[in-house]
Amino acid sequence: MLEIRNLHVKIEDKKILDGLTLTVNDGEVAAIMGPNGSGKSTLSYVIAGKEDYEVLDGEILLDGENVLEMDPDARAAAGLFLAFQYPLEIPGVATMSFLKAAMGAQRKARGEEELAVGEFLKRVRGAADKLGIPQDMLKRGLNVGFSGGEKKRMEILQMALLEPRFCILDETDSGLDIDALKVVSDGVNALRDGKRSFLVITHYQRLLNYIVPDSVHVMAHGKVVKSGGKELALELEANGYADYKTLAA
Amino acid sequence: MPAVHETVEQVRAIDVDQYKYGFVTDVEMDLAPKGLNEDIVRMISAKKGEPSWMTDWRLDAFRRWQTMREPQWARVDYPPIDFNEIHYYAAPKKNNAPKSLDEVDPAILDAYKKLGIPLREQEMLAGVQNSRVAVDAVFDSVSVVTTFKEELSKAGVIFCSMSEALREHPELVRKYLGTVVPVTDNYYATLNCAVFTDGSFVYIPKGVRCPMELSTYFRINEKNTGQFERTLIIAEEGSYVSYLEGCTAPQRDENQLHAAVVELVALDDAEIKYSTVQNWYPGDAEGKGGIYNFVTKRGDCRGRNSKISWTQVETGSSITWKYPSCILRGDGSRGEFYSIAVSNGRQQVDSGTKMIHLGKNTTSRIIAKGISAGRSNSTYRGLVSAHRKATNARNFTNCDSLLIGNKCGAHTVPYIESKNASAVFEHEATTSKISEDQLFYCMQRGLSAEEATALIVNGFVKDVLQQLPMEFAVEAQKLISISLEGSVG
């Protein structure tokens, strides 16, 4: 369970989150929607621990543990995963090597034994097949020269292999055509197991046709201004964000 | 606490803990008095029992050196060197031409053991199977031991110290010494001609593929000494040799001078692969101490279709000034230069290569990777030239710089000259910075800041590491990580 309580965050001199409160239960898929500049991506970065942001007040608890005191790698080992809106390129580091390093580091941090090479390869190949990622792509430098769709698939592949407890998807639908959107959504849905939770950040209702949320939260001006069921997303699609922009102001 | 800071305040100094080779060995030394004059040059020559032509050659070099001036064009900055404050000869007292390892001072053997260089052949055989390496160990001014000599001589390969070569094979030395790097080449090379004390000599006969890796390990131990070694490698027609040198020095507050000359000669269809893992003491965080590494390395592809390949991993020295070069004289010859230069703290690097295309259909390839952290400065300086007769000369150059932090510098200074219209030279250069975003991305996947930096750096240098002999690639990778330790807070 992830609990965000009264979170105030600024970057440089600009306040971005202004008393945000949100709870996502085990097994829940929560969607965050909102207009540009409402602080959605900031929220995902603050949860994952990006250092540019200054937390002025509030707390973020993952199963009761305050993650704000942890380094990003410790948060990852504790089970937080962020699928980036713009995944980074790491030239010269084969995707397969990167996966091995990441899985190895997390297992080590949790005091687990390193996976045998055979088992590791089996898992990677199995997960890659499901996402339609060809084997030779795993030998290339991570995300180097990948298309937008391929990068997003690679994020979901990492999510599947790292088996996090809490997944944040930051505008995973942006830049995807309809076929890629389906593949990525299927990948996410396959990871829904009743315990793992998801925070799905998106501008558009379209993604939520494929990844059906349990709850929808509308963000404006750095806080959650309305929460509801999946029907709230449809309502937003019809009426836009105009009402919420004024509501919070 | 935010985990990643890119400010230099967070860059931890390169300190004793990180330079693992900073120890001093206590050995009784035979030291020449400080300073340099003709008597010292004669004394060095006499100590080594050299023929008179060699003594004259040295004296000639010394006289020329006195008329020369230190080069000033490199992008490095250091106070003037007082050449009269240096001992030009330092040898362990007990090392009077030992016939076997048992005659070598145990303290010296111990020093090499600490450095991870096994000199006892049986230890080496027991250690790593299938990767036997013959070693010539040079301690200050003299070679203390060369391993696997007998086995090599069965193949006709000569691998010995330069002093021994001058005694046992003077005709070979005389034929080739100074033919690649002339006596008058440059200030430090000329100084080296006058006072070089030892180094390695390699001769591979016609058609022989050297049965094992050859390696020389240079160690500066004594304080206020200069190390001036001389290496000469000759590969006869159709032969092949892979040679590796490694270097370390104790941690001292004074700067020490290392001015070596390396000459390679490849005849028809011969190939020489020369790899360097250079880890001289780099000085402390404030730039105090460390080795001045002013080295002249040049290979002459004298024969048709010959090939010379330089691979270097440079992490040490307070100042590095070296340009391993290839003279592509033979038609169809090929030169290669693969380099990784890592600088941290206050280190200064001005390094690169020269590819001189003289023959027809000659090709060269340059891959240079510079990594700068801390307050260090790194310059790639490279010359590619095609002379009038170099029809169809080809060169590809790629030089990439990676910056860690925002107080370091990287510079690229390419010189390209072509006097033949059919020559094709390509040059690519990039400068990039390890971004906060890349580090955050890796950390979000569970890697620590240091693991993430190492991963990104290893990706950056991969093309070059692949060129190193397998046994040394792993070592070099570790060395790079250690050199950059603390460059990310």
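Each remark here, short or long, concerns the structure printed above.
Let me begin by describing the structure that accompanies this report. (Residues numbered from 1 in each chain as written. Chains lettered and ligands numbered in written order. Predicted model: local features only at pLDDT ≥ 70, side-chain atom pairs only at ≥ 80, totals over all residues. Heavy atoms only, no water.)

## Regarding helix 5 (residues 148-162) of chain A
All names here are of chain A. The condition is simple: What counts as a helix is a DSSP run of H or I of at least four residues, what counts as a strand is a run of E of at least two, and both are numbered from the N terminus. In this analysis, the expected span of each helix is defined as 1.5 Å times one less than the number of residues it contains. Relative accessibility decides the category of a residue: with a 1.4 Å probe and only protein chains considered, values under 20% of the type maximum give buried, values over 50% give exposed, and everything between is partly exposed.
For helix 5, spanning 15 residues, the distance from its first C-alpha to its last is 21 Å, which sits close to the expected 21 Å at 1.5 Å a residue. Burial analysis of helix 5 places eleven of its 15 residues in the buried class, the great majority of the element. Within the span of helix 5, buried status applies to Gly149, Lys151, Lys152, Met154, Glu155, Ile156, Leu157, Gln158, Met159, Leu161 and Leu162. Downstream of helix 5 by one or two residues, glutamate 163 has phi in the positive range, about 45°.

## Considering the pattern of salt bridges
Where we set the bar: Salt bridges are defined by distance alone: a side-chain nitrogen of Lys or Arg within 4 Å of a carboxyl oxygen of Asp or Glu.
Scanning the model with the defined rule gives 33 salt bridges over all chains in all. Of the charged contacts in the structure, one is a salt bridge between Asp52(A) and Lys50(A), with a shortest N-O distance of 3.2 Å. Residue classification places Lys50(A) among the buried positions, given a relative accessible area of 13%. Two residues, Lys50(A) and Asp437(B), come together in a salt bridge whose shortest N-O distance is 3.0 Å.

## Some remarks on the pairing of strand 21 (residues 394-403) of chain B
The two faces of the sheet receive side chains in turn, since in a regular strand these alternate between them. All names here are of chain B. Here is the rule we go by: A pair of strands is labelled paired if DSSP reports no fewer than 2 bridges between them.
Most of strand 21 is tucked away, with eight of its ten residues classed as buried. Sheet topology note: the strand 19 (residues 363-372)/strand 21 ladder contains ten bridges and is parallel. Note on strand 21: the bridge partner recorded for isoleucine 371 is leucine 402. As paired strands, strand 21 and strand 23 (residues 424-433) are joined by ten bridges and run parallel to one another. Across the sheet, threonine 397 pairs through a bridge with histidine 427, a residue of strand 23.

## Some thoughts on the side chain of Thr172(A)
The line we're drawing: Only heavy atoms enter the contact rule, under which two residues are in contact if any of them lie within 4.5 Å.
Mapped onto the fold, Thr172(A) is located in the loop between strand 9 (166-170) and helix 6 (178-190). Sequence-distant contacts of Thr172(A), defined by excluding residues within four places in its chain, comprise Ala83(A), Lys152(A), Ile156(A), Val184(A) and Ile201(A).

## Here we look at the nonpolar core
The cut-off we apply is this: Each nonpolar core is a collection of buried residues, namely Ala, Val, Leu, Ile, Met, Phe, Trp, Tyr and Cys, held together in the definition by side-chain atoms within 4.5 Å.
Core analysis: the largest hydrophobic core is formed by 110 residues, its most contacted members being Leu7(A), Leu43(A), Leu157(A), Leu199(A) and Ile371(B). Ranked by residues supplied to this core, first place goes to helix 10 (residues 449-465) of chain B with eight residues. Setting aside residues no more than four positions away along its own chain, Leu7(A) makes contact with Leu17(A), Asp18(A), Gly19(A), Leu20(A), Leu43(A), Val46(A), Val55(A), Asp57(A), Gly58(A), Glu59(A), Ile60(A) and Leu68(A).

## Side note on the interface of chain A and chain B
For the record, the criterion: Summed over both partners, buried area is the accessible surface (1.4 Å probe) that two parts give up on being assembled. Counted as a polar contact is a pair of N or O atoms within 3.5 Å, where, for protein atoms, one must be capable of donating a hydrogen and the other of accepting one, and residues adjacent in sequence contribute only when both atoms are in side chains.
With 32 residues of chain A at the interface, the matching set in chain B holds 23 residues. Taking both sides of the interface into account, the surface hidden between chain A and chain B amounts to around 2300 Å²; carbon and sulfur atoms contribute 61%. Considering only the surface of chain A that becomes buried against chain B, Glu51(A), Asp73(A) and Leu88(A) emerge as the three largest contributors, covering 24% of it. At the junction of chain A and chain B, the tally comes to two salt bridges. Among the salt bridges present, the one from Glu155(A) reaches Arg445(B), with a minimum N-O distance of 2.5 Å. Connecting chain A to chain B are ten residue pairs in polar contact (both at pLDDT 80 or more). Among the secondary structure elements, those contributing two or more residues to the side of chain A that touches chain B are helix 1 (40-48), helix 2 (72-77), strand 6 (80-83), strand 7 (90-94), helix 3 (95-109) and helix 5 of chain A.

## So, the packing of aromatic side chains
Geometrically, a pair of aromatic rings is defined through the distance of the ring centres and the angle of the planes. Residues and elements named next belong to chain B. What counts here: Only Phe, Tyr and Trp rings are paired, with Trp represented by its six-membered ring, and only when their centres lie within 6.5 Å; those with planes under 30 degrees apart are stacked, over 60 edge-to-face, the remainder tilted.
Tallying each qualifying case throughout the model produces 23 aromatic pairs over all chains. Arranged with centres 4.7 Å apart and planes meeting at 45°, the rings of tyrosine 188 and phenylalanine 294 form a pair that is tilted. Highlighted residues: tyrosine 188 in helix 8 (residues 187-195) and phenylalanine 294 in strand 13 (residues 290-301), separated in sequence by 106 residues. Neither residue differs from the other here; tyrosine 188 and phenylalanine 294 are each classed as buried.

## Here's the deal with the environment of Thr23(A)
Residues and elements named next belong to chain A. Within the secondary structure, threonine 23 sits in strand 2 (residues 14-24). For threonine 23, a relative accessible area of 37% gives the class partly exposed. C-alpha of threonine 23 to C-alpha of glutamate 3: the two residues are 20 residues apart in sequence and 4.5 Å apart in space. Each residue touching threonine 23, except ones within four places of it in the same chain, is listed here: Met1, Leu2, Glu3 and Glu28.

## Let's talk about helix 1 of chain A
All names here are of chain A. The element helix 1 is extensively covered by neighbouring structure, given that eight of its nine residues are classed as buried. Along helix 1, the residues classified as buried are Lys40, Thr42, Leu43, Ser44, Tyr45, Val46, Ile47 and Ala48. Where helix 1 ends, the next residue or the one after it, glycine 49, has phi of about 100°, a positive value.

## So, the sheet that holds strand 11 (residues 215-220) of chain A
Residues and elements named next belong to chain A. Convention followed: Interaxial angle, 0 to 180 degrees, is taken between N-to-C directions of lines fitted to C-alpha atoms, where a helix line uses only the stretch in contact.
With respect to topology, six strands assemble into an open sheet ordered 6-9-10-3-11-12, the strand pairing being mixed. Every interior strand has two partners, whereas the edge strands, strand 6 and strand 12 (223-228), have only one. Averaged over all pairs of adjacent strands, the angle between their axes in this sheet comes to 20°, without regard to strand direction. Pairing between strand 3 (residues 29-33) and strand 10 (residues 197-201): four bridges, direction parallel. Paired with valine 29 across the bridge in strand 10 is phenylalanine 198.

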